[in-house]
Every structure is written in structure tokens, then in C-alpha cells.
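Here is what each chain is made of, one letter per residue.
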Amino acid sequence: KIEFYPLLWMVLLIDVVIYSIWQTSSGFQIAVNRYRWYAVVRVFSAVVGFTLAARFTQKFGIVGIVAGFLIPEALINFMLIPYLTFKLIQEPVRRFFGMLAAGALLAVLQFMVGGFIGSLSLPPLPSGVMTGFAVAALGLIFMFALWFRAPERELFKAVCKISFNFLHRSIKSAIKI
């Protein structure tokens, strides 16, 4: 049996946040098929992380392993990956950092909503479904209000209208049967 270790739990939770930023930034680079530097950075992070983990294990045990990989990940995911993404999308600096700040605010709100729903003592399935819908709704609101420009908003509205009409027709035909 593995004993509960609060410091390890805290480090792993921090790791989750760092990896969510990595997934967001890297997803864009991979989607536009411009990930050469991203791949180089990932290999560098793995080598440095392995080296630090090997060194920290002797002094801190299992927490040292996690911390050894966490340090290069944090530096790369908070500094280098957003910079590479910034270079790809070629946005003005102020707008780009505004989007990053809005993304950080969104992540905090989503964690808070998820924590609140988790504290309601609901069974796991309804709690998971409610959390999923709430997090997705927050993401859509932020995306529409803060990140989309006018043409993207119009396209989003058109897709929503088509989807709503399709859903409406499907429900009507199901009720008639």
C-alpha cells in the first residue's frame, strides 16, 4: 500500500495545470502543421527533466522525480511554447497576451466551477455530466466573447443556427413517430 503524501499530491496537481497549458499551446501548432520547433523543445524538456529527476531522486525521493520533470515543463510551457505560438499566429503582442490572460482566467473559473459542482455531493455520473457541460459552456462563452473576431463570430452563429435547426427537426420527427 502506498501512503498518502500531501507534498506529492500538491506537486501532481500543479503538474496538471502545466500540462493543460502545454496541450492548449501545442494543439494549435500541431493543427497548423508547424511543429518543428515544438518537437525540438519537447525532446529538450525530456532530456533536462530526466537529468533533474535523476539528481533530485537522491535527495527528495519520489517527489524529486516529479519535481525534476516539473521544472523544465513549467519553464517551457509557460515561456517557450506560448512564444512559439505567438510567432505562428502573428497577432499584435497586446492582443496575444490578452488572450493568454483570458485563458488563465478561464482555467481558474473552470477549476472553481468544477470544484463547486464536485462539492455538491451528487453521484459521479450527474456530477461529471454537469461539470462537463459547465466547463464547455464557459469555454464557448470565453471563445465567443474574447477570442473570436467579427467574421469568426458570424460563422459560429451560423453553425449554431444550423445545428439547432437540425436538432429541432430531429426531435420533431422523433415525436411524430
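Structure: above.
Residues numbered from 1 in each chain as written. Predicted model: local features only at pLDDT ≥ 70, side-chain atom pairs only at ≥ 80, totals over all residues. Heavy atoms only, no water.

## Some details on the overall build of the protein chain
Looking only at helices and strands, the protein chain features six helices and zero strands. When the elements of the protein chain are put in sequence order from the N terminus, they spell out α-α-α-α-α-α. Considered along the principal axes of its C-alpha atoms, the protein chain spans approximately 70 × 45 × 30 Å. Evaluated residue by residue, the protein chain yields a buried proportion of 22% over its 177 residues. Considering only intrachain contacts with a sequence separation of at least 6, the fraction spanning at least 24 residues in the protein chain is 59%. (Helix = DSSP H or I, 4+ residues; strand = E, 2+ residues; numbered from the N terminus. Buried < 20%, exposed > 50% of the residue type's maximum accessible area, 1.4 Å probe, protein only. Contact = heavy atoms within 4.5 Å.)

## Comments concerning helix α5 (residues 124-147)
Taking 1.5 Å per residue, 24 residues should reach 34 Å; α5 reaches 33 Å between its end C-alpha atoms and fits that length. Every buried residue of α5 is listed here: Ser-127, Leu-138, Gly-139 and Phe-142. In this structure, the buried residues of α5 make contact with α4 (93-118). (Expected span 1.5 Å × (residues − 1).)

## Some points on the packing of aromatic side chains
How two aromatic rings sit relative to each other is given by the distance of their centres and the angle of their planes. Counted according to the given criterion, the structure contains three aromatic pairs. Look at Phe-144 and Phe-156: their rings are 5.7 Å apart centre to centre, the planes differ by 45°, and that puts the pair in the tilted class. In this pair, Phe-144 is assigned in helix α5 and Phe-156 in helix α6 (residues 150-176), connecting sequence segments twelve residues apart. Take Phe-144: its relative accessible area is 26%, and that puts it in the partly exposed class. Ring centres of Phe-148 and Phe-156 lie 5.7 Å apart, and the angle between their planes is 65°; this geometry places the pair in the edge-to-face category. Members of the aromatic cluster, connected to one another through ring pairs, are Phe-144, Phe-148 and Phe-156. Taking NZ or CZ as reference, Arg-153 lies 5.5 Å from the ring centre of Phe-144, over its face. (Phe/Tyr/Trp six-rings, centres within 6.5 Å; stacked < 30°, edge-to-face > 60°. Lys NZ or Arg CZ within 6 Å of the ring centre and 35° of its normal.)

## Here we look at unusual backbone geometry
With phi around 60°, Ser-121 is a residue other than glycine that occupies positive phi space. Summarising the element assignment, Ser-121 is placed in the loop between α4 and α5.

## Examining the packing of α5 against α6
One can describe the packing of α5 onto α6 by two numbers: an axis separation of 9 Å at closest approach and a directional angle of 145°. For the pair formed by α5 and α6, the contact residues are Leu-140, Phe-144, Ala-145 and Trp-147 on the first element and Glu-152, Arg-153, Phe-156 and Lys-157 on the second. Its residues assigned to classes, the contact of α5 with α6 shows five nonpolar, no polar and three charged. (Axes fitted to C-alpha atoms, helices over the stretch in contact; angles between N-to-C directions. Nonpolar A, V, L, I, M, F, W, Y, C, P; charged D, E, K, R; others polar.)

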